[in-house]
Amino acid sequence: MPENLSKEQLLQAANEFGTPLYVYHAEKIKEQYEKLTTAFSVLDTKFFYASKALTNINILRYVKNMGCEVDCSSINEVKLALHAGFEPQQILYTSNGIAFSEIEEAVETGVHINIDSLSNLEKFGKKFGHSYPVGIRIRPNIMAGGNLKISTGHDTSKFGIPVDQLDTIKDVVKATDLFIRTLHIHTGSDIKDVEVFVNGMEVLFELIPHFPELEVIDLGGGFKVPYIPGEKETDVKLLAQKIKETFDNHPVADNKKFQLWFEPGKFLVSECGYLLAQVTVVKDTGPIVFAAIDSGLNHLIRPMMYDAYHHIENISNPTGEQKVYTITGNICETDTFAADRSLNEIREGDYLAIHNAGAYGFEMASNYNSRFKPAEVMIKDGHTYLIRRRDEWSDLLNNQVEVF
Ligand SMILES: *Cc1c(COP(=O)(O)O)cnc(C)c1O
């Protein structure tokens, strides 16, 4: 198994490309993918990378070359996937809250589609009838995931068609002669407990007899990765075993009949990524010593938005004495990356590496405070490639129409 990137490699990238900088380690993505394919070799399974985690075109191509398919959350992600070279049949569009016109656009490209509202399902049936196999996103009414902000399957969630509306779904399917190929659930992110997936399957098993043309059970994504050192990721071997048992034990389904789909985002790309930043100011206020870096919540919003823990290392003073710091950004807004965190002594000019920055890092970055978005580099086979240049002055004015 390839080791993840060393401090020396990260420091070299920071020196070469400047900071703030996103660094991705290609082989780590492959390692994660192989964990999944190995674990699930006992079942007919396909993995669709949830590209909203990180859509850099080079990452998409790398994922494609691993043999993985791709899951999209918008028509533009579908277009990016096509641009990256995925075949339509390798692309899944799991829509939510979108206009029917966007679903029609997706149909024109020929990708797989999961629909998450009765109204779009009905429009789909009226327009395409039996001609275009489609999936239904079900809201199983189960609570799952790291915290409420990243839970998507509970009984007050906006996602999916509530399972208790089965009768209405059936009426729509019958009236418009829909070809329901897939039942889909995605209950949240950061799900460690494999039982959650089994519980979701139990909900789907109740539905299976009502959809005779069903071919695919899609259990979404949400596998947990370690954020805090020593934390465990979702045990995907155990998960595969449990899911196989669930199929085997269930009277309405045998595992030969259904293909199993997953949509991992975080699991594939979280750990491959680092946000590198340079310390701009060390401010000793007595009880709290702040270390400010040349980045902020505009580049990595997860700590502020989800209270996410991200491990942080001082890569330029790795043997310095351990001291306690609160790491903040340079944004005019409280943008704490870590509070009361023990790190090797931080001096102004030191480089910090923020871990687990691959998923929902750059992807959620903005130009807030009119700061530039960071550059992105990818380290593959020991070589470092620039895969997105840092914003420059013109990017801030690019789309502005100077009327006055
Ligand atoms: C976001 C999302 C995923 C990926 O979730 P992760 O927690 O990153 O694995 C998968 N499927 C759907 C429908 C999503 O919206």
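Moving on, we get to the overall build of the protein chain. A count of helices and strands for the protein chain gives 12 helices and 18 strands. Over its C-alpha atoms the protein chain spans a radius of gyration of 23 Å, differing by no more than 12% from the 22 Å that the globule rule assigns to 404 residues. Principal-axis analysis of the C-alpha atoms places the extent of the protein chain at approximately 65 × 60 × 40 Å. Of all 404 residues assigned to the protein chain, the portion counted as buried reaches 56%. The long-range fraction of contacts in the protein chain, counting pairs at least 24 apart against all pairs at least 6 apart in sequence, stands at 68%. In the protein chain, 39 positive and 56 negative side-chain charges are present, and the distance between their average locations comes to 1 Å.

On to the domain arrangement of the protein chain, then. Per the domain assignment, the segments making up the protein chain are domain 1 (43-266) and domain 2 (273-397). Opposite the 17 residues of domain 1 that make contact, domain 2 presents 17 residues. Note on domain 1 versus domain 2: buried area summed over both sides is about 1,600 Å², and carbon and sulfur give 57% of it. There are zero salt bridges connecting domain 1 and domain 2.

Before going further, it helps to spend a moment on the packing of helix α6 (residues 118-128) against helix α7 (residues 166-176). α7 packs onto α6 with a crossing angle of 15° between their chain directions and a minimal axis gap of 9 Å. Judged by the angle between their axes, α6 and α7 are roughly parallel. Between α6 and α7 the crossing geometry is right-handed. Seen from α6, the contacting residues are L118, L121, E122, G125 and K126; seen from α7, they are T168, I169, V172 and T176.

F40, Y49, F124 and I327 are the most contacted members of the largest nonpolar core, which totals 105 residues. Element by element, the count of residues in this core is highest for helix α8 (residues 195-207), at seven residues. Residue contributions to this core reach at least three from each of two domains, namely domain 1 (43-266) and domain 2 (273-397). Each residue touching F40, except ones within four places of it in the same chain, is listed here: T45, F47, V236, L239, A240, I243, L260 and F262. Core analysis: the next-biggest nonpolar cluster, separate from the first, contains 14 residues, L10, A13, V23 and L276 among them.

The rules behind each value
- Residues numbered from 1 in each chain as written.
- Predicted model: local features only at pLDDT ≥ 70, side-chain atom pairs only at ≥ 80, totals over all residues.
- Heavy atoms only, no water.
- Helix = DSSP H or I, 4+ residues; strand = E, 2+ residues; numbered from the N terminus.
- Rg over C-alpha atoms; globule rule 2.2 N^0.38 Å.
- Buried < 20%, exposed > 50% of the residue type's maximum accessible area, 1.4 Å probe, protein only.
- Contact = heavy atoms within 4.5 Å.
- Lys, Arg positive; Asp, Glu negative; His and termini not counted.
- Charge placed at Lys NZ, Arg CZ, Asp CG, Glu CD.
- Domains from an automatic or database assignment.
- Buried area = accessible area lost by both parts, 1.4 Å probe.
- Salt bridge = Lys/Arg side-chain N within 4 Å of Asp/Glu carboxyl O.
- Axes fitted to C-alpha atoms, helices over the stretch in contact; angles between N-to-C directions.
- Parallel < 35°, antiparallel > 145°, perpendicular 65-115°, else oblique.
- Left-handed = near helix turned anticlockwise from the far one by under 90°.
- Core = buried A, V, L, I, M, F, W, Y, C linked by side-chain atoms within 4.5 Å.

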